[in-house]
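Descriptive structure summary
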Amino acid sequence: MKINSICCLGAGYVGGPTMAMIAAKCPDIQVTVADMNEGRIAAWNSDTLPVYEPGLDDVVASAIGKNLHFTTDIRGAIAKADLIFVSVGTPTKSYGIGAGRAADLRYIESAARLIAEISEGHKIIVEKSTIPVKTASAIKTILAANSTEHATFEVLSNPEFLAEGTAIEDLETPDRILIGGEITPTGNAAVEALASVYANWVPREKIITTNLWSSELSKLVANAFLAQRISSINSISALCEATGADVDEVARAIGHDSRIGPKFLKSSVGFGGSCFQKDVLNLVYLCDSFGLPHVAEYWRQVIHLNDWQRSRFVEKIVRTLFNTVNGKRIAILGFAFKKDTNDTRESPAIYVCRDLLGEQAKIALYDPQVSPEQIKQDLLEAGVPQHIIDTNLEIHTDPYSTVEGAHALATLTEWDEFKSLDLERIYNLMLKPAFVFDGRAVLPMDKLKAIGFDPFTIGKG
Ligand code: NAD
Ligand code: UGA
């Protein structure tokens, strides 16, 4: 089966960049990204894309208007597609059974119902969203129960492994493409059809095929292993601080062991992002549901350690500032959950700022990409009262005005521009003692000390 027309439901951080890459690499395939969010679709069709991602503008520009289209006409996009990616959100459920752990599958279900209602002929439905294992079975049931006799479907799992900030690189040269399908003649044909799309630019040996359940589960497990590595090194950061060891030196020493490897050993104020916490919680919920409480408890600790890492950073600030930050000005550099993205979902900065505001500190904040509206909305959603946001939060467009008159400076995102700040100038602008709390180890400790700062870096004793 040759794919001529692709549709993607969901124009978010995954749907937009992934479809732009497919369109750029497969000029013979028409790619339509459909979303009901009119503002988002308008932004994709404008010069200011809704997602900040290095290299993305060029990839979109190379295909938009030719074989890449962004639309709110979801029905029309489904009708003409041979293959439909479902790339809608799967957030943690906030209500009812499984609240706080299970994935909320309402967007997946409504997408499946709409596909069933509109489809004629044969279509391949691809789970791109991260979902609990066995979701394909629910999708198949919904499709079978709601479609006409003229429609047939094959459901595949094709999880996405891109990381924000490096999405274009990850999409262009992925470590692997994973495709799970039913082991039947039609299932195999569908897997081959999707594999052929990727084979336009990904070497065949990097395209891994498995059964549906292995593919669905592998996505959750990959994120759980990555999150676990960060919690592991963060647990050691506390021990380093207590003993005089240096967590970066420990990471380098263990990372030279080829069995351990050097990546994902950067200690931090905690991992953020829309997926690690959500997917580990989802795994925990699945284990509990399948009667495996010991396995659930093992993975739950990855989240507990991450929560503790954020809160102990706030405690460190409060204790160091003579046990009170009431009325004190704390300068915060960075709000995004990592550098090179404007995404703030589950950013540790949200929780650090919330807790400092709870201690009645005044916050001055600078992030090169996150909008003031987003910062205020995140803090409001995290429980900070509106009047506190109005009176105790200042958002700046320049790092130097941010630190003016500050009792302390905290770095919460590892933006490259923070590495080349004029530290003498910052020292002169701050109150003394000039405390620095480097939650990302981006500032040079020795230089800070030489200038006269009183610095603390996570994981450095
Ligand atoms: P997102 O919230 O940025 O985008 C989801 C979009 O889907 C929204 O714009 C929403 O309006 C749209 N949508 C919802 N229902 C729809 C429907 N029926 N038809 C059309 N559009 C619909 O989410 P995201 O970050 O792109 O993540 C999507 C999925 O990919 C999630 O399951 C996530 O876990 C997974 N994932 C995300 C990343 C990442 O880096 N963000 C990486 C890998 C996997
Ligand atoms: C992560 C995975 O890396 C992707 O493979 C996956 O596709 C994606 O989740 C997803 O499913 O959404 P992402 O969250 O975009 O990607 O970014 P990461 O680079 O993984 O960083 C996540 C968080 O961990 C960030 O807050 C980052 O600062 C932190 N981190 C990362 C560390 O604290 N230390 C490290 O060594 C690495």
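Let me begin by describing the structure that accompanies this report. Not measured: the values here are computed from a predicted model.

1. Some words on the overall build of the protein chain
Of regular secondary structure, the protein chain possesses 18 helices and 14 strands. Relative to the compact-globule value of 23 Å for 461 residues, the protein chain shows a C-alpha radius of gyration of 24 Å, a close match. Projected onto its principal axes, the C-alpha positions of the protein chain cover 75 × 50 × 45 Å. Relative to its full complement of 461 residues, the protein chain shows a buried share of 54%. Considering only contacts in the protein chain between residues 6 or more positions apart, those separated by 24 or more positions represent 77%. As presented, the protein chain carries roughly 19,700 Å² of accessible surface, and 53% of it is formed by carbon and sulfur atoms. The centroid of the 44 positive side-chain charges in the protein chain is displaced by 4 Å from the centroid of its 57 negative side-chain charges.

2. What about the site of ligand 1?
Neighbouring ligand 1 are 26 residues; Asp35, Arg40, Thr90, Glu164 and Lys278 lie closest to it. In the model, a nitrogen atom of ligand 1 is placed 2.8 Å from a nitrogen or oxygen of the Glu164 side chain. Here ligand 1 has 840 Å² of accessible area as a free molecule, and 90% of this is covered by the chains.

3. Some details on a nonpolar patch on the surface
A cluster of nonpolar side chains, contributed by Phe290, Leu292 and Val295, occupies part of the molecular surface with about 280 Å² of accessible area. Within the secondary structure, Leu292 is located in the loop between helix 11 (276–289) and helix 12 (293–320).

4. Quick look at the sheet that holds strand 10 (residues 362–366)
As summarised here, the arrangement of the six strands in space is 11-10-9-12-13-14, forming an open sheet in which the pairing is parallel. Sheet topology places strand 11 (393–396) and strand 14 (454–457) at the edges, where each strand pairs with a single neighbour. Sheet twist, expressed as the mean angle between neighbouring strand axes with direction ignored, is 20°. Strand direction decides the pairing type here: strand 10 and strand 11, joined by four bridges, are parallel.

5. So, the nonpolar core
Counting 56 residues, the largest nonpolar core has Phe313, Leu379 and Phe453 as the members making the most contacts within it. Among the elements that line this core, the one with the most residues is helix 13 (residues 348–358), at seven residues. Among all residues touching Phe313, those that are not within four sequence positions of it are Val269, Val352, Ala410, Leu412, Phe437, Asp438, Gly439, Phe456 and Ile458. Counting residues in each nonpolar core, the second largest holds 45 residues, with Ala20, Met21, Ala167 and Ile177 among its members.

6. Overview of the packing of helix 5 (residues 106–118) against helix 6 (residues 135–146)
Two numbers describe how helix 5 lies on helix 6: the axes approach to 8 Å, and their chain directions differ by 35°. As helix 5 runs across helix 6, the sense of the crossing is right-handed. Seen from helix 5, the contacting residues are Ile108, Glu109, Ala112, Arg113, Ile115, Ala116 and Glu117; seen from helix 6, they are Thr135, Ile139, Ile142, Leu143 and Asn146. Looking at the contact of helix 5 with helix 6 residue by residue, the class counts come to seven nonpolar, two polar and three charged.

7. A word on helix 5
For helix 5, which comprises 13 residues, the first-to-last C-alpha distance of 19 Å matches the rise-based estimate of 18 Å (1.5 Å per residue) to within 8%. Within helix 5, the full set of buried residues consists of Ile108, Ala111, Ala112, Leu114, Ile115, Ala116 and Ile118. Where helix 5 is buried, its residues meet strand 1 (5–9), helix 4 (74–80), strand 4 (83–86), strand 5 (121–127), helix 6 and strand 6 (151–157).

8. Points about the site of ligand 2
Lining the immediate surroundings of ligand 2 are 20 residues, of which Phe161, Leu162, Ser268, Cys275 and Arg440 lie closest. Residue Leu162 places a main-chain N or O atom 2.7 Å away from an oxygen atom belonging to ligand 2. Take Arg440: an N or O atom from its side chain is 2.7 Å from an oxygen atom of ligand 2. Here ligand 2 loses 89% of its free accessible area of 690 Å² to cover by the protein chains. Here the shell around ligand 2 gets four residues from one element, more than from any other, and that element is helix 9 (residues 212–243).

9. Some points on the packing of aromatic side chains
Under the criterion given, the structure shown has 11 aromatic pairs. Taking the centre distance of 4.9 Å and the plane angle of 5° together, the rings of Trp44 and Phe70 count as stacked. Residue Trp44 is located in helix 2 (residues 38–44), and its partner Phe70 is located in strand 3 (residues 68–71); the two are separated by 26 residues in the primary sequence. Across the pair, Phe70 and Trp44 agree in class, each one buried. Relative to Phe437, the ring of Phe435 lies with its centre 6.4 Å away and its plane at 25°, an arrangement referred to as stacked. The residues Phe435 and Phe437 share a single accessibility class, namely buried. Through a chain of ring-to-ring contacts, the aromatic side chains of Phe322, Phe435, Phe437 and Phe456 assemble into a single cluster. Its guanidinium or amino end placed over the ring of Trp213, Lys134 lies 4.1 Å from that ring's centre, counting from NZ or CZ.

Conventions adopted
Residues numbered from 1 in each chain as written. Chains lettered and ligands numbered in written order. Predicted model: local features only at pLDDT ≥ 70, side-chain atom pairs only at ≥ 80, totals over all residues. Heavy atoms only, no water. Helix = DSSP H or I, 4+ residues; strand = E, 2+ residues; numbered from the N terminus. Rg over C-alpha atoms; globule rule 2.2 N^0.38 Å. Buried < 20%, exposed > 50% of the residue type's maximum accessible area, 1.4 Å probe, protein only. Contact = heavy atoms within 4.5 Å. Areas by Shrake-Rupley, 256 points an atom, 1.4 Å probe, with all protein chains shown as cover. Lys, Arg positive; Asp, Glu negative; His and termini not counted. Charge placed at Lys NZ, Arg CZ, Asp CG, Glu CD. Near = heavy atom within 4 Å. Polar contact = N/O pair within 3.5 Å; in protein donor to acceptor, adjacent residues only side chain to side chain. Patch = residues over 30% accessible without salt bridge, like charges linked within 9 Å, V, L, I, M, F, W, Y side chains within 5 Å. Salt bridge = Lys/Arg side-chain N within 4 Å of Asp/Glu carboxyl O. Pairing = 2+ DSSP bridges. Axes fitted to C-alpha atoms, helices over the stretch in contact; angles between N-to-C directions. Core = buried A, V, L, I, M, F, W, Y, C linked by side-chain atoms within 4.5 Å. Left-handed = near helix turned anticlockwise from the far one by under 90°. Nonpolar A, V, L, I, M, F, W, Y, C, P; charged D, E, K, R; others polar. Expected span 1.5 Å × (residues − 1). Phe/Tyr/Trp six-rings, centres within 6.5 Å; stacked < 30°, edge-to-face > 60°. Lys NZ or Arg CZ within 6 Å of the ring centre and 35° of its normal.

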